[in-house]
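Structure at a glance
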Amino acid sequence: MKILAIESSCDDTAAAVIDAEQVLANVVSSQPVHEIWGGVVPELASREHMKTIQPVVGLALKKAGLDLREIEGIAATRGPGLAGSLLVGFHFAKALALALDKPFLGINHMEGHVYAPFISGQLPPLPMLVLIVSGGHTQLIRVAQEGRYELLGQTLDDAAGEAFDKVAKLLGLGYPGGPAISREAASGDPAAFAFPRGLKGREGLDFSYSGLKTAVLHTLRALSEEQRRTRRADLCASFEEAVVDPLVGQSLRAIDLHGIRSLVLAGGVAANQRLRQRLLQANQGAGWQLVLPELAHCTDNAVMIARAAHGRLLRGERSGWDLEATPRFSLMELSESNP
Ligand SMILES: Nc1ncnc2c1ncn2[C@@H]1O[C@H](COP(=O)(O)OP(=O)(O)OP(=O)(O)O)[C@@H](O)[C@H]1O
Ligand SMILES: [Mg+2]
């Protein structure tokens, strides 16, 4: 099935075309306009989406070598995300589908992240555990049945990606912070600074990152300007380790507690090399399967939306023309009556 998918939940305008297992086009247009503000400005994001949505979709079709009439299904991110951003991509897709009389499906953005590694939407052995680590989410989710999500634990404050972005800002490393911090961390010592591990020693499967961010702030205040520069790699490596430690620890705990057979890493922070390496180490000789998404499919893209839509469209699922974008839309809300 040839699917055109559109993603515009935050500050990337993305369109992709897949034909069953094959990715025919994957176009992501980022918005540099936010860099000077050190974070995403929602109104600017929405305006940028309006400028780029048509060329981005046009380019995806051109790369795929397809005419719109050859597309057999259209999917778009419905939420969660920024209201003004979601509206642009979602309504563009819905209007196209309506005008061309094609099947249309609104997709949960986080379900997109979950499906990023799965060509044609085939899942690994269930029950699977999904560790979602992105700019807005840090969650451990159990999937015992395809399309049903059970929340096991989540961050009580900042998301892991948000912690990367905030600490990068403190260090003057720009936005988005994750890639910049991990580049610096590669030459640093992860044990140089003893940063706290959120909720260590507590029961449950939740996370906390606000104390870590404050600890970095206090450490920076105690350093001279020169030390901040010369010890930047150590600061980044120690911070990164303090983010990664609880992610790995809680995942292993969840695997033991909930009879898990596969672990899927999802979301933008899945691109983090230290996290991938630690999970690969933990997986050696273990009785569960580890699934890591390709680097190009970790941060927001439309291939993941197309993959999440693929199985659903094949099963005949359709969204009504009255469906609206939903800025607050938890994966746990998905059910048979609300697919
Ligand atoms: N190599 C990396 N290491 C750590 N973090 C990274 C890396 N690459 C990207 N990130 C982080 O990933 C986040 C972006 O991920 P993503 O695009 O999935 O988030 P989002 O779409 O803004 O949030 P959500 O998916 O929760 O709505 C940013 O916080 C960014 O700093
Ligand atoms: Mg995302």
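Now for a look at the structure at hand. Predicted model only: the values in this text are computed from it and were never measured. All residue numbers refer to positions counted from 1 along the written sequence of the respective chain. Following the order in which they are written, the chains are lettered starting with A and the ligands numbered starting with 1. Reporting in this predicted model follows two pLDDT cut-offs: at least 70 for local features of residues, and 80 or more for side-chain atom pairs to be given and counted; totals over whole chains, interfaces and linings ignore these cut-offs and use all residues. In computing side-chain properties, one takes all heavy atoms of the structure into account and sets aside hydrogens as well as water.

A word on the coordination of the magnesium ion (ligand 2)
Bound to the magnesium ion (ligand 2) on the protein side are His109 (NE2), His113 (NE2) and Asp300 (OD), at distances that span 2.1 to 2.2 Å. Distances decide who is a donor: an N, O or S atom must be within 2.8 Å of the metal, or within 3.2 Å for Na, K and Ca. Water is not included, so sites may look incomplete. Under the classification used here, a metal with four donors is tetrahedral if each angle lies between 85 and 135 degrees, square planar if opposite donors are over 155 degrees apart and the others between 65 and 115, a six-donor metal meeting that same test is octahedral, and anything else is irregular. Here the magnesium ion (ligand 2) binds six donor atoms, and the angle range of 77 to 172° at the metal identifies the geometry as octahedral. Counting gaps between the donor residues of the magnesium ion (ligand 2) yields the pattern H-x3-H-x186-D. Here the residue His109 and the residue His113 both occupy positions in helix H3 (residues 109-115), the gap between them amounting to four residues, near one helical turn. Think of it in three bands: with a 1.4 Å probe and only protein chains considered, a residue is buried below 20% of the maximum accessible area for its type, exposed above 50%, and partly exposed in between. On the basis of relative accessible area, His109 is assigned to the buried category, the value being 5%. Helix and strand definitions here come from DSSP, where helices need a minimum of 4 consecutive H or I residues and strands a minimum of 2 consecutive E residues; each element is numbered from the N-terminal end.

Some remarks on the site of ligand 1
We call a residue near a given molecule or strand whenever any one of its heavy atoms falls within 4 Å of it. Taken together, 20 residues surround ligand 1, and among them Ser134, His137, Asp165, Gly178 and Asp300 come closest. Definition of a polar contact: a pair of N or O atoms within 3.5 Å, with one able to donate and the other able to accept a hydrogen when the atoms are protein atoms, and with sequence-neighbouring residues admitted only if both atoms are side-chain atoms. Interatomic distance of 3.1 Å between a side-chain N/O atom of His109 and an oxygen atom of ligand 1. Considered on its own, ligand 1 offers 640 Å² of accessible surface; in the complex 89% of this is hidden by protein. At the level of secondary structure, the elements contributing two or more residues to the shell around ligand 1 comprise H3, helix H4 (160-170) and helix H5 (177-185). When residues are sorted by character, Ala, Val, Leu, Ile, Met, Phe, Trp, Tyr, Cys and Pro go into the nonpolar class, Asp, Glu, Lys and Arg into the charged class, and all the rest, Gly among them, into the polar class. Taken together, the residues of the shell around ligand 1 sort by class into five nonpolar, 13 polar and two charged. Start and end positions for the domains come from either an automated domain assignment or a database one. Two domains each put at least three residues into the shell around ligand 1: domain 1 (2-115 + 300-333) and domain 2 (125-293). Surface exposure here means Shrake-Rupley accessible area, sampled with a 1.4 Å probe, where a residue is shielded only by the protein chains that are shown.

Section: the pattern of salt bridges
We define a salt bridge as a side-chain nitrogen of Lys or Arg found within 4 Å of a carboxyl oxygen belonging to Asp or Glu. Tallied over the full model, the rule gives 17 salt bridges. In this structure, Arg69 and Asp67 form a salt bridge, with 3.1 Å as the shortest nitrogen-oxygen distance. A salt bridge links Asp158 to Lys166; the nearest nitrogen and oxygen atoms lie 3.3 Å apart. By relative accessible area, Asp158 is classed as buried at 7%. When salt bridges with common partners are traced through the structure, they connect Glu111, Glu146, Arg312, Arg315 and Glu317 into a single cluster.

Side note on the nonpolar core
We define the nonpolar core as a collection of buried residues of types Ala, Val, Leu, Ile, Met, Phe, Trp, Tyr and Cys that are connected through side-chain atoms lying within 4.5 Å of one another. Ranked by size, the top nonpolar core spans 46 residues in total, and within it Phe195, Phe239 and Leu275 carry the most contacts. Of all elements in the fold, only strand E6 (128-133), H4, H5, helix H6 (210-222), helix H8 (232-257), strand E9 (262-266) and helix H9 (273-283) reach the threshold of two or more residues within this core. Residue contributions to this core peak at 11 residues, all from H8. The contact criterion used throughout is that any non-hydrogen atoms of two residues lie within 4.5 Å. Apart from the residues within four sequence positions on either side, Phe195 is in contact with Leu212, Ala215, Val216, Thr219, Leu235, Ser238, Phe239 and Ala242.

Remarks on the pairing of strand E7 (residues 138-143)
The buried fraction of E7 amounts to five of the six residues, a majority that puts the element mostly inside the structure. A pair of strands is treated as paired once DSSP finds two or more bridges between them. Examined bridge by bridge, E6 and E7 share six bridges and lie antiparallel to one another. Within E7, the position partnered with Leu129 by the bridge is Arg142. In sequence, E6 turns back onto E7 through a hairpin of four residues. With four bridges connecting them, E7 and strand E8 (residues 150-154) associate as antiparallel partners. In the sheet register, Gln139 faces E8, and the bridge partner there is Gln154. Connecting the antiparallel pair E7 and E8 is a turn made up of six residues, with Gly147 showing a positive phi of about 85°.

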